[in-house]
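These are the residues of each chain, in order.
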Amino acid sequence: MDSTSHCWSKNARRGQAKPDAVVSCTLQELRSLMELRGTEALTKIYECYGDVNGLCDNLRTSAVKGLDGNLEDIKNRKQKFGQNLISPKKPKTFVQLVWEALQDITLIILMVAAVISLGLSFYSPPDAERQNCGQVAGGVEEEGVTAWIEGAAILLSVMCVVLVTAFNDWSKEKQFRGFQSHIEQDQKFTVVRGGQVIQITLSEIVVGDIAQVKYGDLLPADGVLIQSNDLKIDESSLTGESDHVTKSLEKDPMLLSGTHVMEGSGKMVVTAVGVNSQTGIILTLLGAGEEGGCEEKDRKNKKIKNKDKTTVEMQPRNTVAKQKKTIILPKKEKSILHWKLTKLTMQIGKAGLFMSSLTVIILIIRFLIDTFWIQGVPWTTVCGPVYAQFLVKFFIIGITVLVVAVPEGLPLAFTISLAYSVKKMMKDNNLVRHLDACETMGNATTICSDKTGTLTTNRMTVVQVYIAQRYFTKVPEPNKIPTNILDLLIQGIGVNCAYTSKIMPSEREGGLPCQVGNRTECALLGFSCDLRRDYQTIRDQFPEEKLFKVYTFNSARKSMSTVLKNDDGSYRMFSKGASEILLRKCSKILMAGGETKVFRRQNRNNLVKMVIEPMALEGLRTICLAYRDFPATDGEPDWDNILTDLTCIAVVGIEDPVRPEVPAAIRKCHRAGITVRMVTGDNINTARAIAAKCGILPPEEDFLCMEGKEFNRRIRNELGEIEQKRIDEIWPKLRVLARSSPTDKHTLVKGIIDSTVLERQVVAVTGDGTNDGPALKKADVGFAMGIAGTDVAKEASDIILTDDNFSSIVKAVMWGRNVYDGISKFLQFQLTVNVVAVIVAFTGACITQDSPLKAVQMLWVNLIMDTFASLALATEPPTEALLRRKPYSRKKPLISHTMLKNILGHSVYQLTVIFTLLFIGEKFFDINSGRDAPLHAPPSQHYTIVFNTFVLMQICNEINARKIHGERNVFDGVFNNPIFCSIVLGTLVTQVIIVQFGGKAFSCVGLSLAQWLWCVFLGVGSLLWGQLISSAPTGCLKFLRRQQNDNTEDKPQEEDRDKTSTRYRSRRTTWCRSLNRIRTQLQKPFK
């Protein structure tokens, strides 16, 4: 039996066995079908099902009405064919995150030293022999009982640091997954169920659904085409081929999930969803490969990623043995703040490593000289363990200096600040897909914005019309238009607007009708309703399946055309598009009596001058409506060249009002040093009028407005090549680019970014169309429209504007600047602690042979300044004051002169207080000195006061660090950040508990009330000292300015940044592990 009879007999047997079966196709049948392409797939469909309608019958669905929407039927289909979901990779467990945190080299060294200290603490030589090991080896009788506490306390402190780090990583990953889930829940697709066109979430799509696909869609499932209008698909995400594939019922009807609709529209019957779709199969294979072994997983993790990642490598569908293809998508350079932080972390880390090594060396040398030379103690074997304890103690001191010096809190502060901002930005209608875009937006210098929907309300209405030789400045009564022209107009609007565009009744009583679909088309459909004609009657007469040809709108044609085939074999084509472009295609125009008249160039120029320009000057979008008849006697038309010899029906003026909040938002941009440019496909007069209303074109200022054609002419040389020099002559004064194509937008964005006329510009771009993808990718930050934007534009973007509103971009700028300031605040605080703690530990160790701040105390300080301070200072809410200054220069040092003044000023105060307490504090408080204490000596009040004062000064300096631009009122807005208040209060309470009840574990002794008051007084002195520092002129740091400028000049150029980063990475030690993890995460999109 041949394959055809086998396929049909199989379906027949299934139909006889289960007459009431939901679907007569099996999962394996459909999977095998979707592996085929082109004529091979067509042959299989014809052999097994007769045609596409036969496939629909076997799937128990209607090609016209779709599924009936029965809940039981939907449930059965999900059970049989699977749900349209692909399970994400399992998150790391908390134990795995703890293990990762334990890989930090400094913590490992500290734990090893603590274990050695713990082991040696249980050894104690006889007292007589111990006294012969040197003066500092002597101790008190109880030391053998309590000597182990220090080692145990260090281990406990390390575990606290590890658990806090693991918890932060766990909560961060949980938050990221929450963002991804939020994005997925918002995604919907259009299907036909029960004869009604509805939108459902992607997870609700089932096999048998009739899905409507249109320009810009990202296909969520596999399917077979049942109706096509000039449909072209980008399958590069699966095949690696960049050429667009034309899909039709006659050549290739197979549509695959994960591919993009680049042109046209159509309908498909869904045949595979979730893990059974082509994308799902690839991701399933990927998951299986990852379980095969660590080496295989590491190799695949580098090459095989899902559709949202940088690299996609997959096996072709038909055979595993075929050659693999790799697609490398363009990769954006990392953010400037991230680069600066990486460099600063390396510099501080090296300095800390040097200081800690020097501390250990000096301690050892001083001990050897004091013990064996000054005291003249002879070497004895029995004293070896005692000397070993000293060496371990010195080593622990050195490691704790390194722990404090290494800025492990920097990547944490960076992540917390970004994650906090991203979460808050969602409430401001900014859905961030790439974390670093949030920070980059803070340094934006240029915004290239669309007009429609971003600067305007995107609720369009026809307010003026030229028809039948009359210019109506408001919508005319139907009786003022000849009947034959009116019928032609309504028919053209009805069939030549996408059937997904429609006018729905208002959701609330007395409200405006809802516009669904393309807003320009909705304006025309509303115009039809205003003329008291029902466009739906026309659509019922000409259902979408009966349309002979549809040429959908694209940026090249600037028009849309629909062809109807009449019963007598003739054709009629309706077209609509940009008025001045489509009028050039017209050779006739309809007159007042309904007859046609020859339309010459002079007539067209008069129409443009008398009608189109007045409409455009009022900010109206002008659309020309035309038609053409093809008599049957002329034979088959040349369908590739039909947009000629048109007859003009009417020209309409569509109003799209400027959003009321936009002018104020653009004023804020100007004040913040950001230039706003309008890039639109609209008429130049319309664009100029809207730009003037928005404030993009200030009155009496000399700025450029030009069309895309003129722009291209001026930037190209005699050979037609684009020259950067020519672009540089235009872009600084360019404010409006009208009648521009997506290619023009990409050229402008690239030209601004590559320009060296001014400092390197940070460019943000908005886009909603599929062809805006390249410009969105090229921009430093790409904004896609959440309402009007296509899936392709959203995929290419960094941030999605959920309300399509320009004012939301201004909020993104504010949040971005807040991130930069949050990191700067944390840096100012942490570097002050670093400088003071390292100098105190180093100096104290060298002079007194012991660090005034013990290992456990240093770990507590490290916890304060890393985890708690990063959380407190990185969650400061933004204020309007952020928009009153210019963007930070890309060459500007991360530590400003004002910050440097604050760091040095507060370091001087804290070091003066600490050293005063360290060397004469015991006399002032009339207590025993803690200096030169023997090994394992009990804690002293002297060193407890030093430790307590040091921590209280850090708590007060944390308040000072809230202001980094020289502001005096450091308490301004402090209660607007409950996280900051809670952390400061919690740290203070914990410090009291540690001092009063920490005992030997924290090397503390309880203090009296008087001693506490002095500690608090000296701590609060930091706030008073801060006022003096604010009064000091920043010019007093001129001696450091040359050094800072030299450092700035050392910054590599943009093109050398990747090489420099590679050089840094090769020398990066494992203590920078956390920063590497953050950088990797920042390069991942949320989706």
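Scroll up to find the structure this text is about.
Residues numbered from 1 in each chain as written. Predicted model: local features only at pLDDT ≥ 70, side-chain atom pairs only at ≥ 80, totals over all residues. Heavy atoms only, no water.

Caption draft 1: Region of the structure containing the state of the cysteines. Taken as a whole and assessed by the stated rule, the structure comprises zero disulfides. Lacking any disulfide linkage, Cys-648 is separated from the closest cysteine sulfur, that of Cys-624, by 4.0 Å. (Disulfide = S-S within 2.5 Å.)

Caption draft 2: Representation of the sheet that holds strand S25 (residues 734-738) within the structure. One open sheet accounts for eight strands, arranged S10-S28-S27-S26-S11-S23-S25-S24; its pairing is mixed. Either end of the sheet is taken by a strand with one partner, and the two such strands are strand S10 (430-432) and strand S24 (704-707). Between one strand and the next, the sheet's axes are offset by a mean angle of 20°, whatever the strand orientation. Note that strand S27 (residues 781-785) and strand S28 (residues 799-801) share three bridges and pair parallel. Following the sheet pairing, Ala-784 is matched in S28 by Ile-800. (Pairing = 2+ DSSP bridges. Helix = DSSP H or I, 4+ residues; strand = E, 2+ residues; numbered from the N terminus. Axes fitted to C-alpha atoms, helices over the stretch in contact; angles between N-to-C directions.)

Caption draft 3: Quick look at the side chain of Asp-209. For Asp-209, the position within the fold is in the loop between strand S2 (196-201) and strand S3 (210-214). Within the structure, the side chain of Asp-209 is placed 2.7 Å from the side chain of Arg-193, a separation counted as a polar contact. Other than its neighbours up to four places away in sequence, Asp-209 contacts Leu-67, Val-191, Arg-193, Ile-200, Glu-204, Met-268, Val-269 and Val-270. (Polar contact = N/O pair within 3.5 Å; in protein donor to acceptor, adjacent residues only side chain to side chain. Contact = heavy atoms within 4.5 Å.)

Caption draft 4: Just the packing of helix H18 (residues 483-495) against helix H19 (residues 519-530), in detail. Closest axis-to-axis distance for the H18/H19 pair is 10 Å, and the angle between their directions is 145°. When the axes of H18 and H19 are compared, the crossing they make is left-handed. Each of Leu-489, Ile-490 and Ile-493 in H18 lies in contact with H19, whose residues at this interface are Leu-524, Leu-525, Phe-527 and Ser-528. Residues that form the contact of H18 with H19 fall into these classes: six nonpolar, one polar and no charged. (Left-handed = near helix turned anticlockwise from the far one by under 90°. Nonpolar A, V, L, I, M, F, W, Y, C, P; charged D, E, K, R; others polar.)

Caption draft 5: Broad picture of the packing of aromatic side chains. Per the counting criterion, the structure on display carries 11 aromatic pairs. Pairing Phe-924 with Phe-925 gives two aromatic rings, centres 5.1 Å apart and planes at 85°, and the pair type is edge-to-face. With relative accessibility at 16%, the residue Phe-925 sits in the buried group. Residues Trp-1014 and Phe-1017 carry aromatic rings whose centres are separated by 5.9 Å and whose planes lie at 90° to one another, so their mutual orientation is edge-to-face. Within this pair, Trp-1014 and its partner Phe-1017 are both found in helix H35 (residues 1009-1031), separated by three residues, close to a single helical turn. The partly exposed category is assigned to Trp-1014, whose relative accessible area is 39%. Here a set of aromatic residues connected by ring pairs shows up, and it is made of Phe-548, Tyr-571, Phe-630 and Trp-639. (Phe/Tyr/Trp six-rings, centres within 6.5 Å; stacked < 30°, edge-to-face > 60°. Buried < 20%, exposed > 50% of the residue type's maximum accessible area, 1.4 Å probe, protein only.)

Caption draft 6: Spatial organisation of the pairing of strand S21 (residues 621-630). In terms of burial, S21 is largely enclosed, as nine of its 10 residues are buried. Summarising the sheet, strand S18 (residues 571-578) and S21 pair through eight bridges and their orientation is antiparallel. Counted as the bridge partner of Ser-575 is Ala-626 from S21. When S21 meets strand S22 (residues 646-655), the two strands line up antiparallel, connected through seven bridges.

Caption draft 7: Spatial organisation of the pairing of S25. Burial analysis of S25 places five of its five residues in the buried class, which makes it a mostly covered element. Direction of pairing for strand S23 (residues 675-679) relative to S25: parallel, over a ladder of two bridges. Its bridge partner being in S25, Met-678 is matched across the sheet by Val-736. Here S24 pairs with S25 via four bridges, running parallel. From the neighbouring strand, Met-706 faces S25, where its bridge partner is Leu-737.

Caption draft 8: Representation of helix H6 (residues 94-101) in the model. Within H6 the residues assigned to the buried category are Leu-97, Val-98 and Ala-101. Axial view of H6: buried residues confined to an arc of 105°, hence all on one face. Those residues of H6 that are exposed and aimed more than 90 degrees away from the buried face are Val-95 and Trp-99. (Arc of directions from axis to C-beta.)

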